[in-house]
Amino acid sequence: MLTFNKVSFRWPKASTYCLNNLDLTLNQGERVALVGDNGAGKSTLLRLAAGLLKADEGQITLNGVDLSQLKAQQRAMSIGILFQEAEKQIFHSSIKDEIAFGLKQRKLTREQIDQYTEQALILCELTELADKHPLDLHAGQRRMVAVACLAALSPPLLLLDEPSRDFDAHWLRIFEKWLAHCQQSGTTILTISHDLDFVARHYSRVIHLSGGNIINDGPPSCVLCTEELQEPGELPSPTLYALNQALSLNYPDTPEEWSHSWLNRMR
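Residues numbered from 1 in each chain as written. Predicted model: local features only at pLDDT ≥ 70, side-chain atom pairs only at ≥ 80, totals over all residues. Heavy atoms only, no water.

Next up on the list: the overall build of the protein chain. Along the backbone of the protein chain there are 10 helices and 10 strands. Counting only C-alpha atoms, the protein chain reaches 65 × 45 × 30 Å along its principal axes. For the protein chain, the proportion of its 267 residues judged to be buried stands at 46%. For the protein chain, the accessible area works out to roughly 13500 Å², and carbon and sulfur atoms hold 49% of it. In the protein chain, 25 side chains carry a positive charge and 32 a negative one; their mean positions are 6 Å apart. (Helix = DSSP H or I, 4+ residues; strand = E, 2+ residues; numbered from the N terminus. Buried < 20%, exposed > 50% of the residue type's maximum accessible area, 1.4 Å probe, protein only. Areas by Shrake-Rupley, 256 points an atom, 1.4 Å probe, with all protein chains shown as cover. Lys, Arg positive; Asp, Glu negative; His and termini not counted. Charge placed at Lys NZ, Arg CZ, Asp CG, Glu CD.)

See below:
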């Protein structure tokens, strides 16, 4: 669905490339997480995938079409992006108007706009707040408003930048319910996250980016156990992965398997 072919990018006046000759393919329906230290190139890659930046070298294609040849409105039909700060993409005075905005750009009927807006409000549990000003809400609720805008449009490709940020346990549950709904619908999801427990729960493929290069790409049970992600620092490994490595246990597929392995280890 999305391909990077020998893509390089360098910020103006920078002496080195932020991304170096990068190759990457995402298939329809894949759930892929990007991990790595700050400055690894994750946000740059996401913005290139959205068409917000243009590669200096190489080609990015969406469903076989060169992304640089698509107009913004064409990209918006296929790609939904969630920024780190929800305030950067909220500009209406009520939640329901914010959600309806993208639907209006698609020139849907009033009945369709109302229907999809209501469905998004229900899915994201914002119905009681529909007439509130988004900036009167707390950070987690504002973030969920931005999510509801994506829920209403249901784009086939989602690009999420630190999506679990700002959520308490209540709103994280609601967000994860929406994420599961997207997965069941076959949506392709590319996510940046420093929350590796969140990554382990929801993503079937993890790409470790470092210095603009992909240094590891595979299932979470392999990538999240690598030595680079186990070292103390700003990017700690998920608790269960680190525990299994410390106890020399293979990572299990079910809680029952882990319990069995743990009991054997204790014996």
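The rest of the description comes next.
Attention now moves to unusual backbone geometry. The phi dihedral of lysine 6 is positive, around 55°, even though this residue is not glycine. With a phi close to 55°, glutamate 125 is a non-glycine residue in the positive phi region. Along the chain, glutamate 125 falls in the loop between helix H4 (110-123) and helix H5 (139-153). Residue classification places glutamate 125 among the partly exposed positions, given a relative accessible area of 31%.

As a further point, take the sheet that holds strand E3 (residues 31-35). An order of E6-E7-E8-E3-E9-E10 is seen for the 6 strands of this open sheet, with the pairing classed as mixed. In this open sheet, the two strands that pair with only one neighbour each are strand E6 (79-82) and strand E10 (213-218). Here the strands of the sheet are splayed against their neighbours by 15° on average, with no regard to which way each runs. Pairing geometry for strand E9 (residues 205-210) and E10, over 5 bridges, is antiparallel. Within the sheet, the bridge partner assigned to leucine 209 lies in E10 and is isoleucine 214. Along the sheet face, helix H6 (residues 169-184) touches E3, strand E7 (157-161) and strand E8 (188-192) and points at about 150° away from the line of E7. (Pairing = 2+ DSSP bridges. Axes fitted to C-alpha atoms, helices over the stretch in contact; angles between N-to-C directions. Contact = heavy atoms within 4.5 Å.)

Among the 9 residues in helix H1 (residues 42-50), 7 count as buried, and that is most of the element. Every buried residue belonging to H1 is among Lys42, Thr44, Leu45, Leu46, Leu48, Ala49 and Ala50, and all of these are buried. Positioned one or two residues after H1, glycine 51 has a phi angle of 85°, which is positive.

What follows is about the domain arrangement of the protein chain. If you check the domain split of the protein chain, you get domain 1 (2-229) and domain 2 (230-266). The centre of domain 1, based on its C-alpha atoms, is set 29 Å off from the matching centre of domain 2. (Domains from an automatic or database assignment.)

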